[in-house]
Amino acid sequence: MTTAALSARLGGAISAGVARWGFIAVTVLLIGFFAATEPNFRTVDNLLGMLKFIAPTAIAGLGVALAMTVGGIDLSVGASAGFAVSISAWTMVIANQVGGVAVATVLACGAIIGALNALLVVVARIPDLLATLTTMFVVVGLKLIIVDGQSISSRMTLPDGGTAAGVFTADFLWLDRGKIGPIPVPVLLFLVLTALLWFVLEHTRWGRALYAVGANPEAARLAGIRVSAYRAAAYIGCGLLASIAGLLLSARIGQGDVSAGNSLLLDAVAVALVGVSVLGAGKPNAWGTALGAVLIAVMVTGFTMLGLPYYAQDFGKGIVLLVALLFSFTFARRRVAVTAGSTTSR
């Protein structure tokens, strides 16, 4: 083997290692730094608190990742989550219904929003960015119309001078404040949904079909896969996951804040994109998305403990996304180029 070939092979191995393990190394280094500098960071309570804090973002990110598996993107996840917050509050406080009815109503609304996206993208053949952006504006506007542009809280004064009869019920608030053993419900729900999506995508024919549709729709169609049905299912699933994220937000704040969910879109898209780079997967995946969410939680918590201002968090998130994209594309392409060059030299 020539020196050039040996150098090429070594370079390819390094690039492959960076692309596969680089992002995990960054996560471990950040955790180690914050754990060494802030004693409270390394407590079990803080760990569970971080996972609980990031659970809505992670679940919405799983929805975005699901849409990405079929080659699409969903920009309406933040609006869907915000809609869930307002609708759950309206159902319990204004309509005086129990928490179970609010949950069922929100999930139905999430499925309808997903179906609307599917109709625009799959049937009307509008580009996914434009279609889901349109849905985002429609959902935000509809939410404000339903709640008269105001936040909804228990025992609030109604426009007619009366008092709202309903309250946020204990069973609904349990979604955020409850525990199963030592594990908070949002953390458990986050982990269960991540594992479920991972299993579906990696170990079922439906998951393989979703990836096939995203990789090459025409080839998937010729192979007998119902491309339109799988694309529609991905958007409906995304709508459901976004509505679950909204339920957790609603139970967390205990009122129908009309601004809830406004910042969720960017974070959800970020963690889904980060997930593509984890372990060199090169494709949307559940555990990669979960790790991206965990890294954001680590950064936010660590920055807060260090006393950095809140506006530094967005800068940190941007740096993380930049690093993830470098791992996903730049190093991965360099690895492919080096490998090809090595093969040619032989």
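Remember, it's a predicted structure, so these values are computed and weren't measured experimentally.

I tried to follow the overall build of the chain on my own but got confused; where do I start?
Of regular secondary structure, the chain possesses 13 helices and two strands. Looking at the 346 residues of the chain, the share that counts as buried comes to 48%.

Would you mind going over the packing of aromatic side chains with me for this structure?
The geometry of two aromatic rings is summed up by the distance between their centres and the angle between their planes. With the rule as written, the count across this model stands at four aromatic pairs. On the basis of an interplanar angle of 45° and a centroid distance of 5.6 Å, the ring pair of Phe 34 and Phe 41 is categorised as tilted. By relative accessible area, Phe 34 is classed as buried at 1%. Judged by relative accessible area, which is 4%, Phe 41 ranks as buried. Within the aromatic cluster, the residues linked to one another by ring pairs are Phe 33, Phe 34, Phe 41 and Phe 303. For Lys 283, the ring lying beneath its charged end belongs to Tyr 211, and the centroid distance is 4.3 Å.

For this particular structure, what's the right way to read the pattern of salt bridges?
For side chains of opposite charge, pairing can occur when their charged atoms come near one another. One pass over the structure, following the stated rule, counts four salt bridges. With a shortest N-O distance of 3.8 Å, Lys 52 and Asp 176 are connected by a salt bridge. Here Lys 52 is found in helix H2 (residues 44-69), whereas its partner Asp 176 is found in helix H6 (residues 170-177), with 124 residues between them in sequence. Overall, Lys 52 belongs to the partly exposed group, its relative accessible area being 24%. Of the residues examined, Asp 176 reaches a relative accessible area of 6% and is grouped as buried. Of the charged contacts in the structure, one is a salt bridge between Lys 283 and Glu 202, with a shortest N-O distance of 3.7 Å. Residue Lys 283 is found in the loop between helix H11 (264-277) and helix H12 (286-305), and its partner Glu 202 is found in helix H7 (residues 185-203); the two are separated by 81 residues along the sequence. A relative accessible area of 29% means that Glu 202 is categorised as partly exposed.

Sorry if this is basic, but what is going on with the packing of H2 against H11 here?
Two numbers describe a pair of packed helices, the interaxial angle and the distance between the axes. Interhelical geometry of H2 versus H11 gives an angle of 60° and a closest axis separation of 8 Å. Between H2 and H11, the angle is such that the two are oblique. Crossing of H2 over H11 shows right-handed handedness. Judged by residue contacts, Pro 56, Thr 57, Ala 60, Gly 61, Val 64, Ala 65 and Met 68 of H2 engage Leu 264, Asp 267, Ala 268, Val 269, Val 271, Ala 272, Leu 273 and Val 276 from H11. Class assignment for the residues of the contact of H2 with H11 results in twelve nonpolar, two polar and one charged.

What is the right way to read unusual backbone geometry from this model?
Glycine aside, residues mostly have negative phi angles, and peptide bonds mostly take the trans form. Positive phi values are uncommon outside glycine, yet Arg 125 reaches one of about 60°. Relative to the helices and strands, Arg 125 resides in the loop between helix H4 (99-123) and helix H5 (128-146). Residue classification places Arg 125 among the exposed positions, given a relative accessible area of 73%. Despite not being glycine, Arg 155 has its phi angle at roughly 60°, a positive value. By the secondary structure assignment, Arg 155 is in the loop between H5 and H6.

What am I meant to see in H5 here?
Note: α-helices contain 3.6 residues per turn, so residues at a spacing of three or four share the same orientation. Under the 1.5 Å per step criterion, the end-to-end length of H5 is 26 Å for 19 residues, consistent within 8% with the ideal 27 Å. Along H5, the positions that sit buried rather than exposed are Asp 128, Ala 131, Thr 132, Thr 135, Met 136, Val 139 and Lys 143. Buried positions in H5, seen along its axis, are confined to an arc of 140° and lie on one side of it. In H5, those exposed residues whose orientation departs by more than 90 degrees from the buried face are Leu 130, Phe 137 and Ile 145. If you follow the buried residues of H5, they end up packed against helix H3 (77-94), H4, helix H10 (227-253) and H11.

Looking at this model, I keep getting lost on the confidence of the model for the chain. Mind explaining?
Residues of the chain with pLDDT of at least 70 account for 86%, and the chain-wide mean is 86. Low pLDDT, under 50, characterises residues 335-345; the predicted model gives this stretch ten contacts beyond four residues in sequence or across chains.

Help me understand H6, please; the structure alone is not making it clear to me.
For H6, the full list of buried residues reads Phe 172, Leu 173, Leu 175 and Asp 176. Down the axis of H6, the buried set is contained in an arc of 130°. They therefore lie on one face. Structural note: H6 exposes Ala 170 and Arg 177 on the side pointing more than 90 degrees away from its buried face.

What is the right way to read the nonpolar core from this model?
Ile 59, Val 64, Val 77, Phe 168, Phe 172, Leu 210 and Val 213 are the most contacted members of the largest nonpolar core, which totals 88 residues. Ignoring anything within four residues of it in the chain, the contact list for Val 213 reads Val 70, Ala 220, Ile 225, Val 227, Tyr 230 and Arg 231. Of all hydrophobic cores here, the second largest spans seven residues; its members include Ala 118, Leu 120, Val 121 and Ala 131.

Where do I start with the side chain of Thr 132 in this structure?
Inspection of the secondary structure puts Thr 132 in helix H5. Polar side-chain contacts of Thr 132 include one of 2.7 Å to the backbone oxygen of Asp 128. Other than its neighbours up to four places away in sequence, Thr 132 contacts Ile 73, Asp 74, Leu 75, Ser 76, Asn 117 and Tyr 235.

Rules used throughout
- Here the residue index of a chain counts from 1 through its sequence in written order.
- Local features are withheld for residues below a pLDDT of 70 in this predicted model, meaning they are given only at 70 or higher, and side-chain atom pairs are given and counted only at 80 or more; totals for whole chains, interfaces and linings count all residues.
- Values shown for side chains rest on all heavy atoms present in the structure; no hydrogens or waters enter the calculation.
- Numbering goes from the N terminus for both helices and strands, where a helix is a DSSP run of H or I of at least four residues and a strand is a run of E of at least two.
- Each residue's exposure class comes from its accessible area (1.4 Å probe, protein chains only) as a fraction of the maximum for that residue type: buried when under 20%, exposed when over 50%, partly exposed otherwise.
- The aromatic pairing rule takes the rings of Phe, Tyr and Trp, using the six-membered ring of Trp, and pairs them if the centres are within 6.5 Å, calling planes under 30 degrees apart stacked, those over 60 edge-to-face and the rest tilted.
- Placement of a positive charge over a ring is assigned whenever Lys NZ or Arg CZ falls within 6 Å of the ring centre and within 35 degrees of the normal to the ring plane.
- For salt bridges, the criterion is a side-chain nitrogen of Lys or Arg within 4 Å of an Asp or Glu carboxyl oxygen.
- Whenever a helix is involved, its axis is fitted only over the stretch in contact; in every case the axis is a line through C-alpha atoms, and angles between N-to-C directions fall within 0 to 180 degrees.
- By definition in this entry, angles of less than 35 degrees are roughly parallel, angles greater than 145 are roughly antiparallel, angles of 65 to 115 are roughly perpendicular, and the rest are oblique.
- In this scheme the handedness of a crossing depends on how the near helix is turned from the far one: anticlockwise by less than a right angle means left-handed, clockwise means right-handed.
- Any two residues having at least one pair of non-hydrogen atoms within 4.5 Å are treated as being in contact.
- For this classification, Asp, Glu, Lys and Arg are treated as charged, while Ala, Val, Leu, Ile, Met, Phe, Trp, Tyr, Cys and Pro are nonpolar and the rest, including Gly, are polar.
- Expected span of a helix: the number of residues minus one, times 1.5 Å.
- Arc, as used here, means the arc of the directions from the helix axis to the C-beta atoms.
- A residue's pLDDT is the predictor's confidence in that residue, given on a scale from 0 to 100.
- Only buried residues count toward a nonpolar core, which is a set of Ala, Val, Leu, Ile, Met, Phe, Trp, Tyr and Cys residues joined through side-chain atoms within 4.5 Å.
- N or O atoms within 3.5 Å of each other form a polar contact, as long as, within protein, one can give a hydrogen and the other can take it, and as long as residues adjacent in sequence are counted only when both atoms are side-chain atoms.

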